[in-house]
Each structure stands twice: as structure tokens, then as C-alpha cells.
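Structural features, examined
Chain residues, written in single-letter form:
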Amino acid sequence: MDISAAKDKFATLQTLPGDDVRQIMWRFGDRFDLQMLVQSARSVARGPVARLVAEGARNTHEWTEQKALLLGAFDEAGITTAYMDPDQGGYIAGPKNLALALIAFELSWVDGGAATCSLAGNLALAPIHERGTPEQRDTYMRRAVPPSPEEARKIGRGAFGLTEPIPYVGVETGLLGGKVRIFQWENGKEPILQVDKRGRFITNMGFANFVTAAVDSADERIKGSCMIILEESDPGVFDRGVPTRKLVHQLSSTRDPVLSLRVPASRIVGGYTIKDGIIVPRYSHGEIIEAVFRRTRVTVGLMTSAKLLSSIEPVIRYHRSRFRGGENIAPGSPRYELGLQMKEDVLHRLVDVWAAGEAGAALGFEAARLFDELDPLEKKMDQIFAEQKVEGSRAQMKLLSGVQKDALECLALSGQKPESQKEERLKQLQSNTLVQYTLLDSLVNVLCPACKLWNTGHGANMMREAVSLMGGYGITEDCPGFLGHKWMDAQLEATYEGPEAVQRRQLSVTMTNELFLAQYQNWIQEMRQIASSHPGTGACTLASAMRLWRWTLDHLRESTDADGTKLYSSSRQGVTFPLADALCWLLAARSFILDVLELENKGPENPVVAEALPGLLAFMTDLCHVHSARASGEVGRICAELVHGYNRHPAWTQESCNACYQDEELDTIEGLIPGIASAARTYSDVIEPNQAHPTKAGPCVRFEGLDAFVRLRMKLDGCLTGARMAKDRAASSLSRVMIPEALDYPA
Ligand SMILES: Cc1cc2nc3c(=O)[nH]c(=O)nc-3n(C[C@H](O)[C@H](O)[C@H](O)COP(=O)(O)OP(=O)(O)OC[C@H]3O[C@@H](n4cnc5c(N)ncnc54)[C@H](O)[C@@H]3O)c2cc1C
């Protein structure tokens, strides 16, 4: 279906997007298992979870009996088991990143704490799932499956113990205070280890019966660090500690545990070998948390996007009904029917909230799908490493860096026109597991931190906008959709599993990987092509902003500041971090456009979607445009600050400032800007006799070597054409879209 044809018919958005639309956009239309999972998670979210919040269960940070009922609800709905493989008692075969992302999305649509409560159990299992020995996996994954009525066993519920009391682990995960020593090592027997770990802010700690804890060696007979499984029944102290007096996510339990336990060495996650009388864990704690967080952070990012999208309906309802019941306000009158929606600003702001939610969801679900593709490749890679006896992450990285050239060649060939592609070579490269893995790995290494950073950081800001649109109601417990809670909760999502600084730090490295940049370059072409077929999406603006970002990155990597100090370096967070932020805006906007194209392609095949598709597509296209324009504006601002901001300004003298003033006078004379220089009427009033015509670039502006940047920036501004018209149309749709009479979960 052609979007412009749809617009010609003045089709408008009829209802808020339903499940059929989301299944297409987020690519699970052919996954009946996931569709059922969404329904189960939703019934828990909008049932028991919503009731708990409405009853005020969030008013305490204690883990109460009432809150504990949630665990049973998760078990019954299949949420607890969704993480497990069928042979462990689960029911979803294959990778589960998208599945877990959808659960998190549904639960946090109502309450982020409930989502965290469910996800933290998976997080505890994740070190075992990603790096555990087969025995560890079998034991702990099976135990985490709720027992059937015939089974006389207790379910295993876990907590992930990394963060420690100050001054140890926080953002800096290497500063481990938790220690492991050898307690007893009898000849020919398995060593018994003494583990001392204090945690800070550990989720699920109110009820967990095992903890996967990060510890460092305090014994010369143990090498390095590791993660280790601690059980409640192990000899020693398993003190759950004091509850964290948190202000957010109150439907999860968070405490500062004190653990001092004796455990067999077989609890070291991933196992160990003994070399020269020293226990060598197979994986350091750093290697394990890297493998874990790269997946779980995507789900956290999606939690904030769910909040934004969940706010649309309650805000619209509040606005429309704001003046009903007033004197002389009759049904049918604009004030009765539209209420606050008569005011452009509330509509425009809600459009921005909606666009941010869509873009975040698009980015998050794209990342989750990529991890689903990566999972089987990782398994194949493990086989390859084992066959080639490549052990340890350094040796593995060395092998992979040798593949970089092939991967770049693969990208270059696939980017060529079909007639000039070397078909055989391309096929060979595309079917090479190492090439496939390296390419995908370079993408997820960017998309995962980008999603965690942008969805939660910008999401928290936009959640504040949503709250403000509810006026005073927004910051009360009674606010429909629990928007006030969600605003605060979003801040935790920006913090745990590594705050924004951690994501920015990672991005500043991964976004400069040549493999990522080569794919990024292809995406610019992709956006240009989309712009020619779907100009209304803002893809043209986005492509221009993507080029500007790339130019800026290259420039900053080669340049020094006015003092001659290198600009792009790990210690220069003032350079690398904003550039990482800028990239996130671009990635989210790109993912959103791709989702809308998917809807356009697949929507007509679904009878439920097809009927209202023209209006929906027209609206989504406008929303894309609005978001692309906003993203491009951010990128332009950030890049301009970085490119110009590290040049030295000429002395702040009256003379230099006069030069800028003179520029403006000349602009006034030429009629470019309305008069500030009322006294000046002609050039000769401004320019000294015999003085050359000034460049009209005051002394603040140093253009040498920056012509390309200035051109790109100007082009980008020009590309914003029409973006506000798109916003007007989207706003108008918000004032007409049908919504249900009441929210489907309690206030
Ligand atoms: C409710 C809740 C639940 C949690 N659940 C768990 C859990 O289950 N398991 C677990 O292990 N942890 C958990 N955490 C801990 C959480 O992951 C940490 O709080 C988080 O990673 C940040 O560590 P920190 O609080 O020590 O911040 P700090 O390390 O003190 O950092 C504070 C701030 O300083 C700045 N900063 C620090 N280092 C740098 C740097 N290198 N560069 C630039 N800026 C920097 C950043 O702005 C950062 O946000 C939880 C936290 C909360 C609040």
C-alpha cells in the first residue's frame, strides 16, 4: 500500500494500535507462542499487579505477604518458566530474548517493579545460563521451574549479587570487595571455599534462596575473580540484610545482604581447572557479567518505552474530559468533546511522548531480535573455539579480529549493485559462521547499550512530560495509568544494570568499530533509498543527520582541541559521551522507520489490521517524521557544539564582539534579519572605506577545514522541511482517535 495514496484519501488514525499491529511491527506475527505469552503476562499485569498498585502496596519498601503473592501469579502465568528450555521444564524452544522482552514490556506497562521482580530471577540465572557448566545449568534452571502439584520440592528463586557497599562495586565493576578463599582442600577431594560477600541494593533478596555472587580471590591458590553460586542452606551466614529504602519499583524486593558461606568449588560458575595446585576459574566475573548484561539491558530499556506508550490513553482521556460537567458545556460542543485537546501544546507534547515510546520500543525489540539471531551463532562459535582449542577471551578475540577483513569485504560486496557483486565470493562470506558472528556482534555491541541508554534516559525525561500533561493529577497516587510512579521508576531503569555512564562508556568504544561503521554507512544509503520512496517518514532528514554524525566522529578522532590535546579518547568523556548520545537518537529513529515500513508491507495481509491501515500508516509516518526531525535537531546541536566548541575563541575583546555586531548590521541592511542596527542604513555606514567586504562570519567562527561540516549542517536544517506540518497532522489525529471508555486496569 502506498502511504501517499493513503493520505490522499485523508485517512486518519481510528483507534490506538492493538495487538495485531504490534505483532507486525515487532515481528512476532508468526509466533503464536509469543502471542500467548503476551496475553498471559498482560493478564497478570492488568490484574494482580494493577490491583496491588491501586491498593497502595507501593507505599512500603518492605517485601510484604501481599507482594509475595505476585510470585505465585508469575508462576501460574508461565512467566517464571519462560526463560527455561523445554528440556529444563520450559515451553519455548530456542532463543528467548524477544520473549523476555515482551514479558518485561507487558508487566512494566503497569508497573516496572513487578517487571523487575520477575526479571531479577532470570538475571540470577543468567550467569549460569550463559556461562554455567551443563550440570549447573541443569540443576539451577530446572529448580527455577515451579514444581508441579505432585513434586515435593521448593522452587529455586535467585538474586544476582554484584553491587557492593561503598567503596566497592558500582559503576566500576572491577573494584570487588567480595572475597573467596580456600576453606578446606583435602587430598583428592573437591576444595571447599569460604565466600564472603556483602551486597548493596540486591533485587529479590527478600525471598531468594540462592545468589550468584561476584567475588575476587583472596587466596594465592585461587586465580583472579569469578561468579559463584551461594545457597541459603550452605553452612555459614545467609543474612538477607536490611531492605533498601527505595522510592521506586516497590513491587520488587531490594536488600543489602551479608553472606559468609562455605561452598564446594563446583559452584564456581563455568567450572574451573587446577593448574600447578591453583584453582583457575574458567571465567572471570567480568567475562560473565559482560555476557549477561549485553542481553538483559535490552529488556530494561524496553520497560521505559512501555511506560511511555502506556501513558497515551490515560492522557488523552484526561484531556478530553477535563471540562465536562461545567456549566454551559454541552455534549457536542468542542469544549465538551475535546476539552484540553483544543490546545495545540498538549497535543504536540503528547505526540513527542508517543514518538519517543515508539522509537524506543522499535530500537529495543530490534536489539532483542538480533540477540535471538546471535544466540545460535554463539553456540556454533563455542564449537569452533573448542575444535580449534582457542581458550580464553583474549585468544578468542584474536581469532575474531582476523575475520574483520572478510567481514568488511562481505559488507562491501553486499552493498554493491547485483550486477557488480562477486556472487560466489559473497555467498561464501555470508555463509561463514565467523563472518556472520563478527558482523552481528558488532551490531549488538552498539544496539544494546544504545537501547539501555536512550530508552531509559530520554524515556525518563519524556515520562516527566507525560506526567506534566496530567497537571496536578499526574503527581498523585490516583493518577490513571500510575504515571507518577512510572516517572520515578524510569530513573531506576536508567540506573540499575549500569547507569548511563556505563552505557556511554561502552558505546564510545563499540561505535568506533570499523565493522559497525561500515554497516552504519550502508544504513545511510538505506535511509536515502527509503526517503525517495517514503519521503514522509523523515528518512531524508535522518540520513543527513547520520552523515553529519559520521563526519563529526571522523573529525573528532583526528583532531585536537585548542590546546593540542587529543579530542577522542577514553578520558575525554565530554567528547565521547555526547557523541554516543547523538548516535542513540539516530538508531532509535532508524528502527522506528523500519517498523513502519514493516507495517506497510505486512499490514494488508492481516484482515484485522488492513481495514484501518491507511489512517494508521499515515499517522505512524507522521510520527516517524516528527521523531526523525527531533533526533536530527539533537544530533545537529551536539555535533556543532563538539566541532566548534573545542576551538579557541579569539580574545573576548570589544573588538571581536563588535565584529559579530557588524555581521548582524550587514544582515539587517540586506534584509536578512529584522533591524537591530536601526542607525545603520548603508554598507558604508558599517564598513570602513577601503575595507574589504567582510565574510559575515564573525571572529567566533573558525571555518577553516570545516566547510564540509557547515554544508552538512545547513543541509540538515533544510531537511527539516515539513516536519512541523507532520506534527500538526499527528496532533490532529490525537484529537480524533477513538479510545475505550475506561482504562482496562484500575486506578
Ligand atoms: C532498586 C535497585 C535495585 C538494584 N538491583 C541490583 C541487583 O539485583 N544486583 C546488583 O548487583 N545490583 C543492583 N543494583 C545496583 C545498581 O546496579 C547500581 O546502583 C548501579 O549499577 C550504579 O552503581 P552505584 O549506585 O554504586 O553508582 P556509582 O558507581 O556510585 O556511580 C554514581 C554516578 O557517578 C557517575 N560515574 C561513576 N563512575 C563513572 C565513570 N567511570 N565515568 C563517568 N561517570 C561515572 C555516574 O553518573 C553514576 O551514575 C540495584 C540498584 C537499585 C537502586
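Above: the structure in question.
In this report, the structure presented in the accompanying data block is examined.

Definitions and cut-offs
- Residues numbered from 1 in each chain as written.
- Predicted model: local features only at pLDDT ≥ 70, side-chain atom pairs only at ≥ 80, totals over all residues.
- Heavy atoms only, no water.
- Near = heavy atom within 4 Å.
- Polar contact = N/O pair within 3.5 Å; in protein donor to acceptor, adjacent residues only side chain to side chain.
- Nonpolar A, V, L, I, M, F, W, Y, C, P; charged D, E, K, R; others polar.
- Helix = DSSP H or I, 4+ residues; strand = E, 2+ residues; numbered from the N terminus.
- Contact = heavy atoms within 4.5 Å.
- Buried < 20%, exposed > 50% of the residue type's maximum accessible area, 1.4 Å probe, protein only.
- Phe/Tyr/Trp six-rings, centres within 6.5 Å; stacked < 30°, edge-to-face > 60°.
- Lys NZ or Arg CZ within 6 Å of the ring centre and 35° of its normal.
- Expected span 1.5 Å × (residues − 1).

Regarding the site of the ligand
Taken together, the neighbourhood of the ligand is formed by 21 residues, with Phe160, Thr163, Val171, Phe201 and Thr203 sitting nearest. One of the side-chain nitrogen or oxygen atoms of Arg200 is found 3.2 Å away from an oxygen atom of the ligand. At 3.5 Å from an oxygen atom of the ligand is found a main-chain nitrogen or oxygen belonging to Glu497. When the residues that make up the shell around the ligand are grouped by side-chain class, the tally is nine nonpolar, seven polar and five charged.

Quick look at unusual backbone geometry
The general pattern is negative phi for most residues beyond glycine and trans for most peptide bonds. Cis geometry marks the peptide bond from Ile166 to Pro167; its omega dihedral reads 20°. Tracing the backbone shows Pro167 in the loop between β1 (158-161) and β2 (179-184). At Arg27, a residue that is not glycine, the phi angle is positive and equals roughly 60°. Note on placement: Arg27 falls in the loop between α2 (19-25) and α3 (32-54). Phi is positive for Lys389, which is not a glycine, with a value near 55°. With respect to the element layout, Lys389 can be found in the loop between α10 (344-387) and α11 (393-401).

Side note on the environment of Ile79
With respect to the element layout, Ile79 can be found in the loop between α4 (65-77) and α5 (97-110). Those residues in contact with Ile79 that lie beyond four places of it in its chain are Ala41, Val44, Phe74, Tyr91, Ile103, Leu107 and Ser118.

With respect to the side chain of Thr512
By the secondary structure assignment, Thr512 is in the loop between α16 (500-510) and α17 (514-533). Look at Thr512 and you get buried, because its relative accessible area is 14%. Within polar-contact distance, the side chain of Thr512 engages the backbone oxygen of Val509 at 2.7 Å. If we ignore the near neighbours within four places in the chain, the residues touching Thr512 are Leu517, Leu553, Arg557 and Tyr568.

A closer look at the packing of aromatic side chains
Inspection of the entire model under this criterion finds 15 aromatic pairs. Ring centres 5.0 Å apart and planes at 40° place the aromatic pair Trp63 and Phe207 in the tilted group. Of this pair, Trp63 sits in the loop between α3 and α4 while Phe207 sits in the loop between β4 (202-203) and β5 (210-217), and the two are 144 residues apart along the sequence. Phe207 shares its class with Trp63; the two are buried. With a centroid separation of 5.1 Å and 55° between ring planes, the pair formed by Tyr520 and Trp549 is classed as tilted. Here Tyr520, found in helix α17, pairs with Trp549, found in helix α18 (residues 539-558); they are 29 residues apart in sequence, far enough to count as distant. Counting every residue linked through ring pairs, the aromatic cluster contains Trp26, Phe105, Trp109 and Phe365. Above the ring of Tyr336, the side-chain terminus of Arg324 is found at 4.7 Å from the ring centroid. Here the basic side chain of Arg590 rests over the ring of Trp523, its NZ or CZ set 3.7 Å away from the ring centre.

Examining helix α21 (residues 613-645)
The terminal C-alpha atoms of α21 lie 46 Å apart, and with 33 residues this matches the ideal 48 Å at 1.5 Å per residue to within 8%. α21 sits mainly inside the fold: 27 of its 33 residues count as buried.

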